[in-house]
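Residues per chain are reported as follows:
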There are 6 protein chains.
Amino acid sequence: MQQERSGGRAADQLRDVRITRQYTKHAEGSVLIECGDTRVLCTASLQDKVPPFLKGKGQGWLTAEYGMLPRSTHSRMDREAAKGKQSGRTQEIQRLIGRSLRAAFDLRAFGERTLQLDCDVLQADGGTRTASITGAMVAAYDAFSTLLASGAISAMPVRHFVAAVSVGVYRGLPLLDLDYVEDSGCDTDMNVVMTEAGRFIEVQGTAEGEAFDRATMDKLLDLAQDGIAELVRLQQRALGLAA
Amino acid sequence: MQQERSGGRAADQLRDVRITRQYTKHAEGSVLIECGDTRVLCTASLQDKVPPFLKGKGQGWLTAEYGMLPRSTHSRMDREAAKGKQSGRTQEIQRLIGRSLRAAFDLRAFGERTLQLDCDVLQADGGTRTASITGAMVAAYDAFSTLLASGAISAMPVRHFVAAVSVGVYRGLPLLDLDYVEDSGCDTDMNVVMTEAGRFIEVQGTAEGEAFDRATMDKLLDLAQDGIAELVRLQQRALGLAA
Amino acid sequence: MQQERSGGRAADQLRDVRITRQYTKHAEGSVLIECGDTRVLCTASLQDKVPPFLKGKGQGWLTAEYGMLPRSTHSRMDREAAKGKQSGRTQEIQRLIGRSLRAAFDLRAFGERTLQLDCDVLQADGGTRTASITGAMVAAYDAFSTLLASGAISAMPVRHFVAAVSVGVYRGLPLLDLDYVEDSGCDTDMNVVMTEAGRFIEVQGTAEGEAFDRATMDKLLDLAQDGIAELVRLQQRALGLAA
Amino acid sequence: MQQERSGGRAADQLRDVRITRQYTKHAEGSVLIECGDTRVLCTASLQDKVPPFLKGKGQGWLTAEYGMLPRSTHSRMDREAAKGKQSGRTQEIQRLIGRSLRAAFDLRAFGERTLQLDCDVLQADGGTRTASITGAMVAAYDAFSTLLASGAISAMPVRHFVAAVSVGVYRGLPLLDLDYVEDSGCDTDMNVVMTEAGRFIEVQGTAEGEAFDRATMDKLLDLAQDGIAELVRLQQRALGLAA
Amino acid sequence: MQQERSGGRAADQLRDVRITRQYTKHAEGSVLIECGDTRVLCTASLQDKVPPFLKGKGQGWLTAEYGMLPRSTHSRMDREAAKGKQSGRTQEIQRLIGRSLRAAFDLRAFGERTLQLDCDVLQADGGTRTASITGAMVAAYDAFSTLLASGAISAMPVRHFVAAVSVGVYRGLPLLDLDYVEDSGCDTDMNVVMTEAGRFIEVQGTAEGEAFDRATMDKLLDLAQDGIAELVRLQQRALGLAA
Amino acid sequence: MQQERSGGRAADQLRDVRITRQYTKHAEGSVLIECGDTRVLCTASLQDKVPPFLKGKGQGWLTAEYGMLPRSTHSRMDREAAKGKQSGRTQEIQRLIGRSLRAAFDLRAFGERTLQLDCDVLQADGGTRTASITGAMVAAYDAFSTLLASGAISAMPVRHFVAAVSVGVYRGLPLLDLDYVEDSGCDTDMNVVMTEAGRFIEVQGTAEGEAFDRATMDKLLDLAQDGIAELVRLQQRALGLAA
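Everything numeric in this text was worked out from a predicted model, so none of it was measured. (Residues numbered from 1 in each chain as written. Chains lettered and ligands numbered in written order. Predicted model: local features only at pLDDT ≥ 70, side-chain atom pairs only at ≥ 80, totals over all residues. Heavy atoms only, no water.)

A few points about the packing of helix H5 (residues 214-238) of chain E against helix H5 (residues 214-238) of chain F
Logical step 1: Remark: H5(E) packs on H5(F), axes separated minimally by 13 Å, with the N-to-C direction vectors making an angle of 155°. Taken together, the axis directions place H5(E) and H5(F) in an arrangement best described as roughly antiparallel. Crossing hand, H5(E) versus H5(F): right-handed. On H5(F), the residues touching Arg214(E), Met217(E), Asp218(E), Leu221(E), Asp222(E) and Gln225(E) of H5(E) are Arg214(F), Met217(F), Asp218(F), Leu221(F), Asp222(F) and Gln225(F).
Logical step 2: Taken together, the residues of the contact of H5(E) with H5(F) break down into four nonpolar, two polar and six charged. (Axes fitted to C-alpha atoms, helices over the stretch in contact; angles between N-to-C directions. Helix = DSSP H or I, 4+ residues; strand = E, 2+ residues; numbered from the N terminus. Parallel < 35°, antiparallel > 145°, perpendicular 65-115°, else oblique. Left-handed = near helix turned anticlockwise from the far one by under 90°. Contact = heavy atoms within 4.5 Å. Nonpolar A, V, L, I, M, F, W, Y, C, P; charged D, E, K, R; others polar.)

Next comes the structure, spelled out in structure tokens:
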């Protein structure tokens, strides 16, 4: 399964991952995650209120927004705030981040509060949505830690760590963690979100070129499973929870 | 794998499917697809132009829009035209329909034309997005048949038939083709789009309750594969291409 | 006043009208009205609340929205939800439907509830706004019947039946109930809404070609009066209130 | 038909009308029309281009927009520019003004130009839409006069003068030219647009309270016909075309 | 410092200013201010409520909106209500008017009320934003006078009179109160808002051509100071507070 | 003029400034500017086209957009892309940045190209608009350097360096370069943009509390002048143009 990837990476090898906590000073959690040349700033903001549909139910909420700086990409994209609307792609991604992180935490365990995650791409080189999920997990953890430290909650409301990665078929070979060149040219692109226990939260696979068969599906899921296990280790190490 | 489903349906059994062609008179293709109580009107409209990014490239385009009538649902939803924007869910679905149907046809084989698919839900009872894809395939086929009949193209630009179905885990059991009650209460919901040859176009699975393991994933994909094979037979029978 | 109309129709003759109740299953009232090839789905939804300006006043409200499916028309129209706004024409029509139906019912006789009418055109062949009014009357009646049956109100809050029809001058001759071809080519187009007692609710006449004189106005009102009387009979027959 | 109206006006009497031409200096036509306390500034702007659907067809276009200053009314209305959309009422009115004035002029007689009418209400006291039409006729005439004077056209493109007035049933009596108090309290309100020859361009009647009968309709049309004849005289006198 | 200006005006001379109170009848304050050919209608509307962020704080609020009639300008501008958004320029101006007038009044001295100022340009010939501020001061004063007369407040909540003027460098010479021709061709344009005591509320200077030096800045501020002193005298004379 | 400022800063002392070039990899110019805790990412993107109003005129254009990440601020702000519009403040700032930078370059000296500046605030602590201008100058310089290096232009199109700083009166004392605490509590806030030669491009001063007198104005301009001279030195040093 060996082939020429940028930086001589193996097919089942993640790009270098760097997780920098407290990257900005105002947010309760603020993480810069870098996966190769992809850089996403993930902030977690706590608010002492919930959306109307949850008022008085004694539980919290978690939601996410996603954006790309206009020149995070190879050629400049229009600024969504100036256009007056978020694209379908943006909404799809922020809904995915929200669902994935809601699966990570126990919404009934942190009171009538909302955790708002903002994932803003400073530089894009493929895999921005999966990097967002992996980084937001750490930012959310940090935000809940401030609640715990202040005595507002008595235990961390984590159900399990969650991380995400992309896999795909590029020039006929299944690869882990596609960069922009691989992503643009691949036949199949799949984003996988899993728990630390290797269970699935989300699977979103699309055949952009040829439809793919069951055997390929199986190989891609194998790659994702190993990659996510490694990402969870990196999250926990960044938080000082693992060696 | 037997359990109590509405209408005494087996776990691996589709709801009754009815495909009515030429349901309305203006569109080049017009199909009412009914899957149990879910009813979607799928129209296919041909236009002799392509979007700007394809002008002069000698190929065609295919795109889709999706909508729900305000009272297609149990309680009335706001009308998106009145609110002035399509929800994230709507955009996600219409992007999915578009990608799935673009995989079904050869965009280079019908000239500089656009096939516009409109999938409008008249009555919803679960599975509206998958019914939309399955019905739109037939409507698109009818529209291209008019092009063929008129001599504008010399062969049908079909690469393969495409159909879609939902699968999910409801009360611990993997089920095919969830209705609204099953869909609302399920732990895992997966929409699968496949070709007539059993290859994957799209897989979108979400753990809405518990994260699911690899064995469950495998069972769900098995259910989907058989269901889609049956749906393709029904599409082809409706078009008079199969007995 | 005889001339060649499609289907050999006389100048003072309505197109065939079919009124199908309970066309969809979720709405309190759901009517498909067909006037020739024009088909409109009219649903009536009851909600236990009123707009802010009526809160606490002990009366109800009734409002309407109107839409056309993108390919209900000869060539495809843009989807208003995708464009992000309703056209002036759409707003004009839904305001007309709302005013007309508010005249039919006693808003003080069904409590602090809102009846929301949705008129969605599945197929258009002229006269969609008048068909919407005639069909919405039946859907609203059905919805209030469910309130009566449940004991929530003690009498039907109907003031009088209301129906609507278009009349116009086409090739110099006054005609009842214009189809699309007649409507597009006519000099004068008038939409009339009347009660079962032959009194006017709305008259909206426009000279699209030549301005018209008082004598023509009188003939058009005569035609409308007879047509509406017939439509009210058909409404009441569909509801089992007349033979 | 005598009754107590503000200022001792008779039932068939117009309010005082003042038409001031060249009210502002930039527009090709600029008219302040005052009907009692209602004051509307009507400007006519000529542009040397037509909308895309008319390009190259050798004809002109005429269109209208309508607005109310926020405090033209008794209590302040929200500014439509700040809300980001024009109300249904505004759109309905500007469509009416446009249709009415297009009937007054020969669109094929002034080249590929657009006449843009802007009717802005400075002070409202009932009848703003009909005052807009009556004033816009004069502003449009002035604008075309500049074209004629410059030699760009060789004859005035007027088909016939057009004016408008409201009529209604207030406390049981048919009245001409309702002011705000009468308009708010009336059972029936009708706006009528006619040519100088007494032919109808538009009739828009609404029963806001009781439905009205044919005899009332006839009386209202009589009142409107006489009122409009008087308004056309005032328009022509303001333009120096009549004594 | 003499040069050829339209109307033979001196460099340090204001255009003719006319302030007409009670220009329209509904608003609590209604002022037409004319500075040369620039005409702005300023209305002041009192409402017995404050924005949410001030509720229960026992103080009032003052805010402003600004608009231009589409043909107030040399060539027609698009109507902002039709475009669905206010331009950046419009928002900048209405924020400036609001800030300037909030400095003129004591927000804690008129209860939980909002004074809404609307400045609508009927005819533009340069200096519309400064004319708006100068006129709005008088309209606001009139509105508060009605409150005082009704006994709702016991003293006028005025801190100091505020007026505004533009200054600029045109063809190398510093000028007071630029008209449109001067404004369009000037190198530097500065809007100054001051109190009756000659203290600054706002200074907004822009080098549209050459950057300007400190000496020029000083001359422009001198011109503005004298012009504003004269404008305050005119405001007070219009209100009968000065001879 | 000594007083207690955060970090023991003198009244006429800038915060620490760090300018990092090539902060992201895709943009032709990419600068992170840090002024104390304020951090703004300024990217400059070159496009080979100009806006419609400049087509064929042989000159270029330069424009700017500004945004704040939702949690760049002390408490989270709504995301403008999600709200669907940019605030008045945002538009005001990006118009200011655009005007300031257009003054720095000769638009006729780089062909029919557009330089698009994007200033995105990663962390806010006062002075984000002036930091944006100062940083954008460097990013624009870098972008034009790439044009020069490629031979597309033969000389740098710089007219003069431009930088910006805020000054204000805080607790009675004039201060240079306000941080957030000072900015929020100050009586007067002024943003000044100047050239390297000490000439004014923009002055925008606002009395947020007490109106200020001419002597204060003079002191503030003195402070700004010295601060901007220092900022220009830092810009040129960062670009290797000065020691």
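Digging into the pairing of strand E5 (residues 114-123) of chain E
All names here are of chain E.
Logical step 1: In terms of burial, E5 is a largely internal element, 10 of the 10 residues being buried.
Logical step 2: As paired strands, strand E3 (residues 38-47) and E5 are joined by nine bridges and run antiparallel to one another. For Thr43, the partnering residue across the bridge sits in E5 and is Asp118.
Logical step 3: With eight bridges connecting them, strand E4 (residues 61-68) and E5 associate as parallel partners. Residue pairing across strands places Gly67 opposite Asp120, the latter belonging to E5. (Buried < 20%, exposed > 50% of the residue type's maximum accessible area, 1.4 Å probe, protein only. Pairing = 2+ DSSP bridges.)

Focus on the nonpolar core
Logical step 1: Leu101(C) and Leu101(D) are the most contacted members of the largest nonpolar core, which has 142 residues in total.
Logical step 2: Not counting the four nearest positions on each side in its chain, Leu101(D) is found in contact with Leu62(D), Leu117(D), Ile133(D), Ala136(D) and Met137(D). (Core = buried A, V, L, I, M, F, W, Y, C linked by side-chain atoms within 4.5 Å.)

Examining the pairing of strand E9 (residues 200-207) of chain F
Logical step 1: Across the eight residues that make up E9(F), a large majority, eight, are buried.
Logical step 2: Here strand E9 (residues 200-207) of chain E runs beside E9(F); their pairing, made up of five bridges, is antiparallel. Of the residues in E9(F), the one forming a bridge with Gly205(E) is Val203(F).
Logical step 3: Sheet topology places strand E8 (residues 188-195) of chain F next to E9(F); seven bridges connect them, and they run antiparallel. Counterpart to Val192(F) in the pairing with E9(F) is Val203(F).
Logical step 4: Counting the residues between successive antiparallel strands, the hairpin from E8(F) to E9(F) contains four residues, one of them, Gly198(F), with a positive phi of roughly 75°.

Concerning the UniProt feature "domain: Exoribonuclease phosphorolytic" (unreviewed entry) in chain A
Residues and elements named next belong to chain A.
Logical step 1: Residues annotated by UniProt as "domain: Exoribonuclease phosphorolytic" (unreviewed entry) correspond here to residues 13-143 and 160-226.
Logical step 2: Annotated as residues 13-143, this span is 28% helix and 31% strand, and its ends, taken at the C-alpha atoms, are 30 Å apart.
Logical step 3: Annotated as 28% helix and 43% strand, the span residues 160-226 places its first and last C-alpha atoms 17 Å apart. (UniProt positions renumbered as here; feature names shortened; annotations may be inferred.)

Comments concerning the environment of Leu147(E)
Logical step 1: Following the sequence through the fold, Leu147(E) ends up in helix H3 (residues 128-149).
Logical step 2: The sequence separation of Leu147(E) and Leu46(E) amounts to 101 residues, and the corresponding C-alpha distance is 8.9 Å.

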